[in-house]
Amino acid sequence: MITEPIFENTQIAFALKSDAELERAYFLFKMISIQPLVKIGTTATNFAIKANLPVEGLIRVTVFNHFCGGVNEYDCLPVIDKMYEKGVSSVLDYSVEGKESEAEFDSALITVLHIMDFAQERKAMPFAVFKPTGFGRLKLFEKVGSEDVLTNEELREWQKVENRFDTVCKKAKDNDLALLIDAEESWMQDAADTLVTKMMEKYNTEKAVVFNTLQMYRHDRLDFLKAQHALAKRKGYYLGYKLVRGAYMEKENERAEEHNYESPICKNKFATDSNFDASAKYILDNLEEVSLFAGTHNEDSTYLIMEQMKMKGIANNDPRIWFGQLYGMSDHISFNLADKGYNVAKYVPFGPVKDVMPYLIRRAEENTSVAGQTGRELSLLSKEKKRRKLDN
């Protein structure tokens, strides 16, 4: 492993945070570390928003400003520009979830296309992103994936979903942007995977433009990656994969139990970590044909990828390898990697405060459930606070 512990450098990690922002971050992670408080807080926030109580201002200056770039793409510009000065790019993520109507899906498409035009004008934004269920109903993805017979109306609806995917993928290629397509629940993912594979074959003819996402807490994803690689080699196109550990574990396990099938989730965290690392190694072994976006807050996996790159003589800034973290988290990874010349991009969520709340609540719950994540954030923030006091 790489012996130099670069992620301990808090001066680089938090260079963009004022003393007040450092204090706010410390306060937020302290709150998130108390599990009962997160449960009470999310329930109360949901109620307050549904009851139209005047809480948006409070949410905006606390949790929203820490984890989101702004309410619209222009609002995000100061964040994008500041990070890019430190070598960290941005992936603007319109984090509005749970929509159901054709009008809402068309509106999401227009928003994504607009962001892609916005990104084309800025070197700081080499990627665009969307969620499959931003472009179609989850239940429809589920029905298509299970190969049930669709009604004529559903066939027309699915064609619209495919057209939205195609429109965005074509624009990514035309604008020379990479496009990250998020993964969601396993019961809708088969249909999404089929669509993304189709888009890769069509648009990844010269390099990886379209990236699928693999949630490595699923024990079948490494085999899926290998099968997709064999298919791409046979048909002559490139692959792009974003590797993440996964975001729907409790929901996946509950549904598997409820419907009496084997959970797709790995038995434990060690198995998930092994799966992630093995998949990252597989991609690095096949870098001529597969590009990697390592979406991880895990230091060991990050060090492992760095070490593999070093062993293979791959340049830190090789355009086929990117590291990604969420805005408001793991700055010690993002900014220290960028300082060493690696390609790094932060996912920067944005949207109206009310509409982004499901995303923010999921962030809070995930931070509470991931062992060590919040404690690590707190210890690094505390270390930087002490360092600044000494410097003063």
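Since the model is a prediction, treat every value here as computed from it, not as a measurement.

A.B. asks: Just to check I follow, could you spell out the overall build of the protein chain for this structure?
C.D. replies: Looking only at helices and strands, one finds 16 helices and 8 strands in the protein chain. Against the 2.2 N^0.38 benchmark of 21 Å for 392 residues, the protein chain shows a C-alpha radius of gyration of 21 Å, consistent with a compact globule. Its C-alpha atoms give the protein chain principal-axis dimensions of about 70 × 55 × 45 Å. Counting all 392 residues of the protein chain, 54% fall into the buried class. Taking the intrachain contacts of the protein chain between residues at least 6 apart in sequence as the baseline, contacts between residues at least 24 apart amount to 78%.

A.B. asks: It is not clear to me how the pairing of strand S2 (residues 127–130) should be interpreted in this structure. Could you clarify?
C.D. replies: On a regular strand, each side chain points to the face opposite its neighbour's, so the side chains alternate between the two faces of the sheet. Taking every second residue as pointing to the same face, both faces of S2 are buried, with Phe-127 and Val-129 on one and Ala-128 and Phe-130 on the other. The pairing of S2 with strand S3 (residues 178–181) spans 4 bridges and is classified as parallel. Its bridge partner lying in S3, Val-129 is registered against Leu-180.

A.B. asks: How should I be thinking about the packing of helix H2 (residues 19–32) against helix H4 (residues 56–67) in this particular structure?
C.D. replies: Working note: a packed helix pair is described by the angle between its axes plus the distance between those axes. Across the interface, H2 lies against H4 with an axial gap of 10 Å and an inter-helix angle of 95 degrees. For the element pair H2 / H4, the angle class is roughly perpendicular. Side by side, H2 and H4 meet where Arg-24, Ala-25, Leu-28, Phe-29 and Ile-32 of the first sit next to Val-61, Thr-62, Val-63, Asn-65, His-66 and Phe-67 of the second. Class assignment for the residues of the contact of H2 with H4 results in 7 nonpolar, 3 polar and 1 charged.

A.B. asks: Any chance you could explain unusual backbone geometry here in plain terms?
C.D. replies: Among all residues save glycine, negative phi is the norm, and among peptide bonds the norm is trans. Its identity is not glycine, yet Glu-147 carries a phi of approximately 60 degrees, on the positive side. If you trace the backbone, Glu-147 turns up in the loop between helix H7 (138–145) and helix H8 (152–174). Of note, the phi angle at Ser-330 is positive, near 50 degrees, even though the residue is not glycine.

A.B. asks: What's the story with helix H10 (residues 221–235) in this structure? I'm lost.
C.D. replies: Given 3.6 residues per helical turn, the α-helix brings residues three or four places apart onto the same face. In this model, H10 (15 residues) spans 21 Å end to end at C-alpha, consistent with the 21 Å of a helix rising 1.5 Å per residue. All of the buried residues in H10 are Arg-221, Leu-222, Phe-224, Leu-225, Gln-228, His-229 and Ala-232. Take H10 and look down its axis: the buried residues cluster within an arc of 150 degrees, on one side only. Opposite its buried face, H10 presents the exposed residues Asp-223, Lys-233 and Arg-234, each directed more than 90 degrees away. Its buried side turned inward, H10 meets helix H9 (186–203), strand S4 (210–215), strand S5 (239–244), helix H12 (269–285) and strand S6 (290–295). Trailing H10 by a residue or two, Gly-236 shows a phi angle of about 80 degrees, which is positive.

A.B. asks: Honestly, the sheet that holds S3 in this entry has me stumped. Any pointers?
C.D. replies: The strands making up a sheet associate through backbone hydrogen bonding, with each pair oriented either parallel or antiparallel. Pairing within the open sheet is parallel, and its 8 strands lie in the order S1-S8-S7-S6-S5-S4-S3-S2. Looking at the sheet topology across the chains shown, the edges are occupied by strand S1 (88–94) and S2. Taken pair by pair, the neighbouring strands of this sheet meet at an average axis angle of 30 degrees, ignoring direction. Two elements, S6 and strand S7 (residues 321–326), share 4 bridges in a ladder whose sense is parallel. In the strand pairing of S7, Phe-293 is matched with Trp-322. Here helix H5 (residues 77–85) sits on the sheet in contact with S1 and strand S8 (344–350), set at roughly 155 degrees to S1. Contacting S3, S4 and S5, H9 runs over the sheet at an angle of about 150 degrees to S4.

A.B. asks: Looking at this structure, how should I read the packing of aromatic side chains?
C.D. replies: The geometry of an aromatic ring pair is captured by the separation of the ring centres together with the interplanar angle, meaning the angle of the planes. One pass over the structure, following the stated rule, counts 13 aromatic pairs. With a centroid separation of 5.0 Å and an interplanar angle of 90 degrees, the aromatic rings of Phe-127 and Trp-322 are classed as edge-to-face. One end of the pair, Phe-127, is in strand S2; the other, Trp-322, is in strand S7, with 195 residues separating them in the sequence. You'll find Phe-127 and Trp-322 in the same group, each marked buried.

A.B. asks: Is there a simple way to explain the pattern of salt bridges in this structure?
C.D. replies: Should the charged atoms of two oppositely charged side chains come close, the side chains can pair. Under the defined criterion, the tally for this structure stands at 36 salt bridges. Residue Lys-235 is joined to Glu-201 by a salt bridge in which the shortest nitrogen-to-oxygen separation is 3.5 Å. Residue Lys-235 is found in helix H10, and its partner Glu-201 is found in helix H9; the two are separated by 34 residues along the sequence. A salt bridge links Glu-384 to Arg-387, with the shortest nitrogen-to-oxygen separation between them at 2.8 Å. Here Glu-384 and its partner Arg-387 are both found in helix H16 (residues 373–391), 3 residues apart, which amounts to about one turn of the helix. When its relative accessible area of 23% is taken as the criterion, Arg-387 is described as partly exposed. The structure contains a network of salt bridges with shared partners spanning Glu-8, Glu-299, Arg-376 and Lys-383.

Cut-offs and rules
Residues numbered from 1 in each chain as written. Predicted model: local features only at pLDDT ≥ 70, side-chain atom pairs only at ≥ 80, totals over all residues. Heavy atoms only, no water. Helix = DSSP H or I, 4+ residues; strand = E, 2+ residues; numbered from the N terminus. Rg over C-alpha atoms; globule rule 2.2 N^0.38 Å. Buried < 20%, exposed > 50% of the residue type's maximum accessible area, 1.4 Å probe, protein only. Contact = heavy atoms within 4.5 Å. Pairing = 2+ DSSP bridges. Axes fitted to C-alpha atoms, helices over the stretch in contact; angles between N-to-C directions. Parallel < 35°, antiparallel > 145°, perpendicular 65-115°, else oblique. Nonpolar A, V, L, I, M, F, W, Y, C, P; charged D, E, K, R; others polar. Expected span 1.5 Å × (residues − 1). Arc of directions from axis to C-beta. Phe/Tyr/Trp six-rings, centres within 6.5 Å; stacked < 30°, edge-to-face > 60°. Salt bridge = Lys/Arg side-chain N within 4 Å of Asp/Glu carboxyl O.

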